[in-house]
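This is what each chain is made of:
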Amino acid sequence: MEQRIKAVIYARVSSEEQKKEGFSIPAQLDLLHDFAHKNNIEIVKEFEEAETAKQAGRHKFNEMLKFLKKNKAVTNILCEKTDRLYRNFKDYVDLDVDTTGYTVYLVKESVVLSPTSTSHEKLVHGLKVLLAKNFIDNLREETQKGRLKKASQGYFIGQVPYGYKKLDPRTTVIDEEKAPFVRRAFELYASGLSLEKVRWQLRDEGFVYQSSNKVISHGQLGKLLKNVSYIGGLYFRGTVYSGKHEPIISDELFEKAQISAQKDNKPLYRDDHNFAFAGLITCVKCGCAITAEIKKGKYVYYHCTGGKGKCEQKKIYINELDLMPQFDEAVKAVSLAQRHIDYIKQGLKESLADKKEFSEQMRSNLEAEAKRVRHRIDKITNEYYDDLVDAKFYNEKRVQWNKDLDEIMIKLEALHHAEQKYYEEGVRIIETLKNAYILYKQQSPIEQRKLLNYLLSNCTLEGRKVSYDYNLPFSYFVNFDSCRKKYPGCDSNA
Ligand SMILES: [Zn+2]
């Protein structure tokens, strides 16, 4: 007799969605049962999650995880769409097909994810989850707006970098008097001269930094040579946005200069106690944190704190320069090659369509809510003029409801922006990963650590060797490329 595939169904509606059409649990169940029937899949259990505002958490989701753990013969999950299955990043990690061995059918998206799925499929899926999370984050950010918005739109905030001038808040142009200085500085540094030599060479060639300060200082030059503005980027709070201004130098020249910076064999600048890898690594022998300190005034050494008593590793002091290349490799491995990018963008476009549907629902909900509140305000105003309510009550209510209304309008506005940015944001993540290594090398130690925390977990130190795991979905980025290297064209027959 033919062995049928055994599966569970997971359906979910959030508390906000329950009032709306098209999100009902029966609609999801119909779709999934129909799919199961056509594909000869046996449904052994259904998990239906109807969230309420009062009851936090996903009880059915956790029940499902328990059920699957107990019933080893059932390894398949049927669900309507990505955003039905995961509400946050942790859910995604909990169901990662590589670690659990499960197969996930996202029926409406025509996606089947299993341990044997190609790296492509896993990667695109991971990105979708990452973006869904990003979408929510955007909503939050957009509600606060301000500087971030301006930066993300590609406009400089406050002062513009040396070599540019601001004509008005939205127009930054190249300052043709200063730009040649920038170009020449990059050329000289890329050619292999040291920072110190570049300073004096510029002066000898007649380049003047500022009328009051003719020779650029060591520190200023170091910062200038890692400023992404000169290749059209815009750095703001740990992220590089694409700027509206013209680049002054080419990407190639910039990259060469960053390689020279590495040869200089030291980070371009260091804020005293911001060690890139402190707090990131634990000792493999005793589990204590690896800490850093400055020796002989300038060398950074890492070692086990040994707080839990004797540790044989406590005596090993590791120069930061020995750790650096190991983390460099880690970041390099997730840098995407240009040739993969179009494929991933396609995946994003598909998920954008999903997101539109989601935000349409959200919008109509908010608009209805605004209408209700406006109606209430009108009603109580009339009642007040008809002497049906007293002034105190009227004022209290009016203030409260106007506040509610403001809140709703802010959310509507935020939704509008978040939606607009969704695809661009996705492209930005990919572009960031494309240039992950270059960006990483230019960041301050604190930001480097942030990025490493985002990418890696379980960093441990044994002797002088660092080990780590990649966080999802970045592990797929790594596999993605190694898969391509080992088996060229391995994704073409997928
Ligand atoms: Zn230790």
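Assigned secondary structure in the protein consists of 17 helices and 15 strands. When the 494 residues of the protein are sorted by exposure, 28% land in the buried category.

Turning our eyes to something else, we now look at unusual backbone geometry. The backbone of Asp387 shows a phi angle near 60°, a positive value even though the residue is not glycine. Positionally, Asp387 belongs in the loop between α13 (338–385) and α14 (391–434). Exposure remark for Asp387: the 7 C-beta atoms within 10 Å place this residue in the exposed category. Here the phi dihedral of Asn458 falls at roughly 55°; this positive angle occurs in a residue that is not glycine.

For the rest of this paragraph, the subject is helix α1 (residues 25–38). Counted at 1.5 Å a residue, the expected span for α1 with its 14 residues is 20 Å, and the 20 Å between its end C-alpha atoms agrees. Where α1 is concerned, the buried positions are Gln28, Leu32 and Ala36. Looking down the long axis of α1, one finds its buried residues gathered within 65° of arc, a one-sided arrangement. Opposite its buried face, α1 presents the exposed residues Pro26, Asp30, Asp34, His37 and Lys38, each directed more than 90 degrees away. For α1, the elements touching its buried residues are β1 (5–13), β2 (41–50), β3 (76–79) and α3 (82–85). Taken from the residues just after α1, Asn40 is the one with a positive phi, measuring 55°.

This part is about the nonpolar core. Within the largest apolar cluster, 66 residues are counted, with the highest numbers of intra-cluster contacts made by Val182, Ala185, Phe186, Tyr189, Leu225 and Phe277. In terms of residue count, the dominant contributor to this core is helix α8 (residues 179–190) (7 residues). What Phe277 contacts, discounting residues up to four positions off in sequence, is Ala292, Tyr302, Leu323, Phe327 and Arg449. Grouped together as the second largest cluster of nonpolar side chains are 24 residues, Ile9, Leu95, Tyr102 and Val104 included.

Attention shifts here to the confidence of the model for the protein. Chain-level statistics for the protein give a pLDDT mean of 81 and a share of 82% at 70 or above. In this model, residues 266–273 is a region of pLDDT below 50 whose contacts with residues beyond four sequence positions or in other chains number 9 contacts. Considering only residues more than four positions removed or in separate chains, one finds that residues 482–494, a stretch of pLDDT under 50, has 8 contacts.

Conventions and cut-offs
- Residues numbered from 1 in each chain as written.
- Predicted model: local features only at pLDDT ≥ 70, side-chain atom pairs only at ≥ 80, totals over all residues.
- Helix = DSSP H or I, 4+ residues; strand = E, 2+ residues; numbered from the N terminus.
- Buried ≥ 20, exposed ≤ 12 C-beta atoms within 10 Å, placed from the backbone.
- Expected span 1.5 Å × (residues − 1).
- Arc of directions from axis to C-beta.
- Contact = placed C-beta atoms within 7 Å.
- Core = buried A, V, L, I, M, F, W, Y, C linked by C-beta atoms within 7 Å.
- pLDDT = per-residue confidence, 0-100.

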